[in-house]
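Residue-level structural notes
One letter stands for each residue in the lines below.
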Amino acid sequence: MTETTRAGFVALIGEPNAGKSTLLNRMVGAKISIVTHKVQTTRARIRGVAMAGNAQIVFVDTPGLFRPRRRLDRAMVKAAWGGASDADVVVLLIEAHRGLTEGAKAIIERIADELPQGKPIALAINKIDRVKAASLLGLAEEMNAAFPFAKTFMISAEKGYGVDDLREWLASELPEGPWFYPEDQIADLPMRMIAAEMTREKLTLRLHEELPYQLTVETEKWEDKPDGSTRIDQIIYVARDGHKGIVLGNKGETIKAIGQAARAEISAFLDRTVHLFLQVKVRENWLDEPERYSEMGLEFKDGDA
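Everything numeric here is computed off the predicted structure, so don't read it as measured data. One numbering rule holds for all chains: residues counted from 1, following each sequence as written. In view of the model being predicted, local features appear only for residues whose pLDDT reaches at least 70, and side-chain atom pairs are presented and counted only at 80 or more, with totals across whole chains, interfaces and linings using the full set of residues. In computing side-chain values, all of the structure's heavy atoms are included and hydrogens and water are not.

What follows deals with the side chain of aspartate 233. Only DSSP runs of H or I with at least four residues qualify as helices, and only runs of E with at least two residues qualify as strands; both kinds are numbered from the N terminus onward. Take aspartate 233: it is sitting in strand 8 (residues 230-238). A polar contact is formed between the side chain of aspartate 233 and the side chain of arginine 231, at a distance of 2.8 Å. Throughout, a residue-residue contact means that at least one pair of heavy atoms, one from each residue, lies within 4.5 Å. Filtering out sequence-adjacent residues up to four positions away, aspartate 233 remains in contact with Glu218, Thr219, Glu220, Lys221 and Phe277. Here a polar contact is taken to be a pair of N or O atoms separated by no more than 3.5 Å, where protein atoms must pair a possible hydrogen donor with a possible acceptor and residues adjacent in sequence count only if both atoms sit in side chains.

Here is the structure:
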């Protein structure tokens with residue numbers, strides 16, 4: 001008898017910076033989603049694939065749910081709810097030390113409107129290493145009084161506590177069926193986009209004070225060389241002329257440091273030598289260009305989020 005296989009989609013939702021990308025990377029066992037200490041850094045619905053016994057879990061890493069102001073914000077929030085609605089199982093992440101925030105309450109209030117009835121929704125209380133055990137039990141009770149979660153997990157995505165239990169439960173909740181991807185595939189994003197995300201992460205970490213979100217990165221060319229190395233050409237688009245100088249830095253020092261950090265990470269991810277070339281271009285209205293949104297997996301059409 002062949003063992004029955006399971007496969008399905010799991011959406012991770014929550015406020016910005018709740019730890020969704022860190023959890024995704026921990027589950028998948030590789031860094032495929034941008035992780036920074038600034039909020040709203042996940043734009044595309046990045047999927048990571050994790051194996052748990054005979055089950056294949058396809059994670060949808062949604063943008064953080066927040067109060068949208070700009071077109072890009074609204075597109076991100078719409079994508080988050082869309083990803084959750086389409087998934088087989090949903091996990092709401094909250095931060096243990098922040099508890100039931102106004103933002104978490106707003107998400108819980110919208111769950112009934114946005115998600116089909118009967119969909120399994122679990123609660124994952126993240127960053128449990130930051131609080132005492134007694135307060136965790138009280139928080140779990142408070143959260144389950146606000147919404148009847150199918151299951152509650154206490155985890156630390158960063159350190160790995162409780163993640164195996166969550167993975168096993170998710171696997172058991174998925175429908176029976178064939179796997180969607182080969183067993184050794186960890187993401188369905190093109191490598192060009194993953195490489196661009198890695199560079200954008202380094203930019204965000206380095207320039208978060210000066211340029212929070214007014215830039216994007218595109219992989220323009222990708223060439224695998226006969227010697228086994230890869231040449232990658234990327235363009236960093238900024239919205240204003242003054243931003244270009246900030247990205248370049250004094251005598252080009254800033255972009256050089258960013259390029260070195262990004263190249264090291266992309267090289268480690270691809271397990272080969274990478275030659276990375278970065279250009280900075282001003283594109284004043286990139287936040288209003290439909291093609292930028294489609295490249296990030298977002299809808300350009302504006303509307304209520």
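Let's shift gears to the pairing of strand 4 (residues 89-95). Look at any regular strand and the pattern is simple: side chains alternate between the two faces of the sheet. Throughout, exposure labels follow a simple rule: accessible area from a 1.4 Å probe, protein chains only, divided by the maximum for the residue type, with under 20% read as buried, over 50% as exposed, and the rest as partly exposed. Across the seven residues that make up strand 4, a large majority, seven, are buried. Side chains of strand 4 alternate between two faces, with Val89, Val91, Leu93 and Glu95 and Val90, Leu92 and Ile94 buried alike. Only strands joined by at least two bridges in the DSSP assignment are considered to pair. With five bridges joining them, strand 1 (residues 6-14) and strand 4 adopt parallel strand pairing. The residue bridging isoleucine 13 from the neighbouring strand is leucine 92, located in strand 4. Where strand 4 meets strand 5 (residues 121-126), six bridges bridge the pair, whose relative direction is parallel. What sits directly across from valine 91, in strand 5, is alanine 122. With the strands aimed away from the viewer, a crossover counts as right-handed if its path from the first strand over the helix to the second runs clockwise. In terms of handedness, the path from strand 4 via helix 3 (residues 102-114) over to strand 5 forms a crossover that is right-handed.

The next subject is helix 4 (residues 133-146). Every helix has an expected span of 1.5 Å times one less than the residues it contains. With 14 residues, helix 4 should cover 20 Å at 1.5 Å per step; its first-to-last C-alpha distance of 20 Å lies within 8% of that length. Of all the residues in helix 4, the buried ones are Leu136, Leu139, Ala140 and Met143. The buried residues of helix 4 occupy one face: seen down the axis, they fall within an arc of 105°. Opposite the buried face of helix 4, by more than 90 degrees, sit the exposed residues Ala134, Leu137, Glu141 and Ala145. Taken together, the buried residues of helix 4 touch strand 4, helix 3, strand 5 and strand 6 (151-154). Here, the arc refers to the directions that run from the helix axis to the C-beta atoms.

Think of it this way: a Phe, Tyr or Trp ring, Trp meaning its six-membered ring, pairs with another when their centres are within 6.5 Å, and the plane angle makes it stacked under 30 degrees, edge-to-face over 60, tilted otherwise. Per the stated rule, a full pass over the model turns up three aromatic pairs. Taking the centre distance of 5.7 Å and the plane angle of 55° together, the rings of phenylalanine 153 and tryptophan 169 count as tilted. Here phenylalanine 153 is found in strand 6, whereas its partner tryptophan 169 is found in helix 5 (residues 163-173), with 16 residues between them in sequence. Residue class for tryptophan 169 comes out buried when judged on its relative accessible area of 12%.

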